[in-house]
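Chain residues, written in single-letter form:
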Amino acid sequence: MVVFNAGRSPFDRFLDLSRLSELQGIEEDATHVSFGALTTFRDMEDCPAVHRHLPNLVKSARATGALAIQNRGTLGGNIANASPAADTPPSLLAYGAELELVSSRGRRRVAYEGFHRGYKQMDLAPDELVARILVPKPQGLGFHFFRKVGTRQAQAISKVCLAAYARIEAGVVAEFRVGLGSVAPVPARARHAEAIIQGAALRALPVEAACTELLKDISPIDDIRSTAQYRARVAQNVLRQMLGELAAV
Amino acid sequence: MIGNSAIRKEGRAKVLGRSRYTDDKTFRCVLHGATVRSDVPHGILKAIRFGEGIPWKEFTIVTAQDIPGENIVAAIVPDQPFLVPVGGEIHHAEEPVLLLAHPDKYLLEKARRAISLDVEELPATLDVASSDRVFKEINILHGDVDSIWAQAAHVVEADYRTEAQEHLYIEPNGMLAIVAHGDHQDQVTVCGSLQCPYYVHKALVHLFNLPGDKVRIIQMDTGGAFGGKEDYPSLIAGHAALLAWKAGKPVKLIYDREEDMAATTKRHPSRTHVKAAFDANGLLLGLDVDFTLDAGAYATLSSVVLSRGAIHAGGVYRCPNTRIHARAMATNTPPSGAFRGFGAPQSLFALERHMDVCAAKLGLDPAELRRRNFLKLGDTTATGQLLKEDVDLAGLMDRTLADIGYTEKRKLFAAANETDTPIKRGVGFSVFMHGCGFTGSGESYLASVAGVEGLADGRVAVLAASTEIGQGKDTVFSQIAAQALKIPMDMVEVAQPDTKVVPDSGPTVASRSTMVVGHLVEDAAYAFKQALIQQGFLTEPYAPEVFREAVKRSHARLGSMKCYAQYHNPPHIVWDDKTYQGDAYPTFSWACYAAEVAVDTVTYEVKVEDFVANQEVGRVINPVLAAGQIEGGVAQGIGWALWENVEWKHGRMANNQMTNYIIPTSMDLPRIRVGFLENPHPAGPSGAKGLGELPMDGPAPATLNALQNALGPLRLDEVPMTPERLMDRMEVARG
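About the cut-offs
- Residues numbered from 1 in each chain as written.
- Chains lettered and ligands numbered in written order.
- Predicted model: local features only at pLDDT ≥ 70, side-chain atom pairs only at ≥ 80, totals over all residues.
- Heavy atoms only, no water.
- Contact = heavy atoms within 4.5 Å.
- Buried area = accessible area lost by both parts, 1.4 Å probe.
- Salt bridge = Lys/Arg side-chain N within 4 Å of Asp/Glu carboxyl O.
- Polar contact = N/O pair within 3.5 Å; in protein donor to acceptor, adjacent residues only side chain to side chain.
- Helix = DSSP H or I, 4+ residues; strand = E, 2+ residues; numbered from the N terminus.
- Domains from an automatic or database assignment.

Novice: Explain the interface of chain B and chain A here, please?
Specialist: Frequently, the measure chosen for interface size is the accessible area removed from exposure when the parts meet. Opposite the 28 residues of chain B that make contact, chain A presents 24 residues. For the pairing of chain B and chain A, the buried interface totals around 2300 Å² over both sides, and the portion due to carbon and sulfur atoms is 51%. Run the count over chain B and chain A and you get three salt bridges. Its salt-bridge partner being glutamate 731 of chain B, residue arginine 233 of chain A comes within 2.0 Å of it at the nearest N-O pair. At the junction of chain B with chain A, the criterion picks out twelve residue pairs in polar contact (both at pLDDT 80 or more). For the side of chain B that touches chain A, the secondary structure elements donating two or more residues are strand 24 (605–616) and helix 18 (723–734) of chain B.

Novice: Honestly, the domain arrangement of chain A in this entry has me stumped. Any pointers?
Specialist: Residues and elements named next belong to chain A. Domain boundaries in chain A define domain 1 (22–136) and domain 2 (141–247). Of note, the centres of domain 1 and domain 2, computed from C-alpha atoms alone, are 20 Å apart. Domain 1 puts 25 residues into the contact, and the matching count from domain 2 is 25 residues. For the pair domain 1 and domain 2, the summed buried surface comes to about 1900 Å²; carbon and sulfur atoms form 61% of the total. The interface formed by domain 1 and domain 2 includes three salt bridges.

Novice: It is not clear to me how the side chain of aspartate 379 of chain B should be interpreted in this structure. Could you clarify?
Specialist: All names here are of chain B. You can see aspartate 379 is positioned in the loop between helix 8 (366–371) and helix 9 (393–404). There is a polar contact of 2.7 Å between the side chain of aspartate 379 and the backbone nitrogen of lysine 376. Not counting residues within four places of it along the chain, the set of residues in contact with aspartate 379 comprises Arg318, Phe374, Gln385, Leu386 and Leu387.

Novice: Sorry if this is basic, but what is going on with the domain arrangement of chain B here?
Specialist: All names here are of chain B. The assigned domain composition of chain B is domain 1 (22–124 + 173–263), domain 2 (270–439 + 580–734) and domain 3 (442–566). Distance between the C-alpha centres of domain 2 and domain 3: 36 Å. Counting residues at the interface gives 23 residues for domain 2 and 20 residues for domain 3. For the pair domain 2 and domain 3, the two sides together bury roughly 1600 Å², of which 65% comes from carbon and sulfur. At the boundary of domain 2 with domain 3, the tally comes to zero salt bridges.

Here you go:
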């Protein structure tokens, strides 16, 4: 819409999907919370199941745009717009989300990690739609962390966004995923940093090693919003802050 | 009446959505206009090419060769063309080259993109430091500063810089032009979003080579300006009128946000070197300031912005030896222009930061160093202006420091910052002044006029060219006239600024509307009352209803009766433009602002958590409106201090969207605690002085002084101090 409004959109014909009921609604079963692609940010903010199981997603929704945008903008749109600066993808990555894609040829289910293949490039055929987003419900003792750095407290586009989820078992990090926004051409998983923390005891988290490894997971750039140096350093600082909070659980 | 927070007259229409802005006014046959701009910062325009697939015959097309009068925007220096002609020199990347009009907005945009320019590129000067072209140079000399360095106990010098700032008024620039072709002469009418109707009037008289009465400028409701609609609207009005003149139809030329941000003026970036000498007791012995402004590609208002910046560079301190050397330099960027504060925020940022740097060097508290050096009654400023008012800067400072809890907080934060908390807090302040009205001989040169007219229904109308741009001018003028005439405010109407109806009261700038024009309104109201009495329509004392009947009768008998007042320079105000010595302003407003900040060392983000803004502005005419002005200025000042960063790419603004140019939201600002100390001054109506620009001067140095307090020794020499810059400074300090 922004590009269209600025007169820079190459497209001038659009199809309105907003009344397709099969793309709407939040559903909860024993193992998953699933979202129709047309679930608005506001729907997520208002849904008790999302608050209970996926608090990072509520924070992501609240951090996106203005209230008017939260009322109209959708989770499916946030994914398919493929902006590396979007605020829900880091949370979806941290929760290990999957996508259900549909076309006249049928349906397929893919891990969200890997869906973004390059800047604005997706594992999505021209005749395919993102239909649903499926997020496994965290089990056991969970740690959830979300922080958006956008310079302004509201109506900001992220310079760095970090979401993390850890499952803790007997004082050890049993499961750990970190999703990042605005530090790579696509929403990024911090695989290297995660590997350092995975299996570590909460009392002896190798924090500095993880912060160093994080640089292998990201490839920030200088642009009109910030600098590569700032993004890298702040991503490390936020990871350090998050690990400090994790250690204190 | 004066001193009461009368409900804002302009408010009702705005709240109800009834205000009519330029784009709300329309006609069935209206054409939409568009501007084709150069896209290189420097070069020679060789040819204009019209692309394929556009029905060019349907378009009204205007180039430089169509211009009937002078292709120069009439201003202080006649250097800027309305349109660059083929063969002419392009001086910046947003320079207008060609104008288009068409009934279909969308086809118009397509056509604009289909035009290409052949330009022979020339080397561009994009950095002010490498510019060797001077628009204006000013030297202020007081005493002999070079004799001081050797004998001083302390000499402290440092460099400071401030970057461009975008006004970001809510309503982008726009104009609607109608040209009636007459047998002998055309009649040009332009309605638009603007600050200074008579500036636009003058520009169009020269553009069309018409007598003054054939050009009419009307201000529509205007959604903010802050100086951004002072000079650039002359260009847009000219463009709209040229298209309307050629098309024979009304033409609307409305900028969208991206075009407005990229092409129109911004606050002048500045570079300042300050060298200060103190004796062993911390008394200021000498001050040497080198002040440079980046004026951009054309002279516009830079000479007067420079003048105000230079005069304010010495701040509120007594100093026997001062040298201020100021220059406005040309670069190949879009021209810088007027912006609330007009050069003073730039030089005061440098000086008020420097006072804190000096205090640290001298081992004194910043408040103590300032206290020893404040100007007092009977002192003279750097321009040799004798202070004839009893200014109590120490009192203003002490009250502000008490309000924010300076002493306790400095102790508390110092202890808390020692712990491993990622949030570091600090408190800082600035003390400053702002000259009210035009600089030097500006007001006597303008010789502004305002009037009061009796209406048929017994009310009166205020006639002035001062524009309402969000500050509440209609309300304040009504209060002033009502007080002088001893009638209720609803018996006063304020005429829409229309050059056919209102006299030239000068531009709505320089914190002058209340003090200078308001004083003329007061004088005209007294004259009007006197005229009613002398003509036998009224005797004092009278009730409002008696006054109403008197005006009705005078109107029935004599027709419309108007009384005007004109500005005359008071004989005790003397200014020499050549030596830059004398009374730079009729008077100053004085202020001390304090900020409390919290720095998040994880993200280098700064939050201003508390802010106190105390000022002495003479008599306050409408406390609610005055506090609103202060709060808005402080918000704009904090934005400039911390976030508002223009990203330049090849001489163009690259982040020309509200998403990427970060102004504060209500969530980013603290409650701003505003206080007024009233010391009525004879220069203004009922003792009022100017206050519109004052709040822009103090927040940036106060905020960065607070940052210094939070973070310790660090090179905090620049605004905006964005998180990226703060991170660089902190990493350098860490080594």
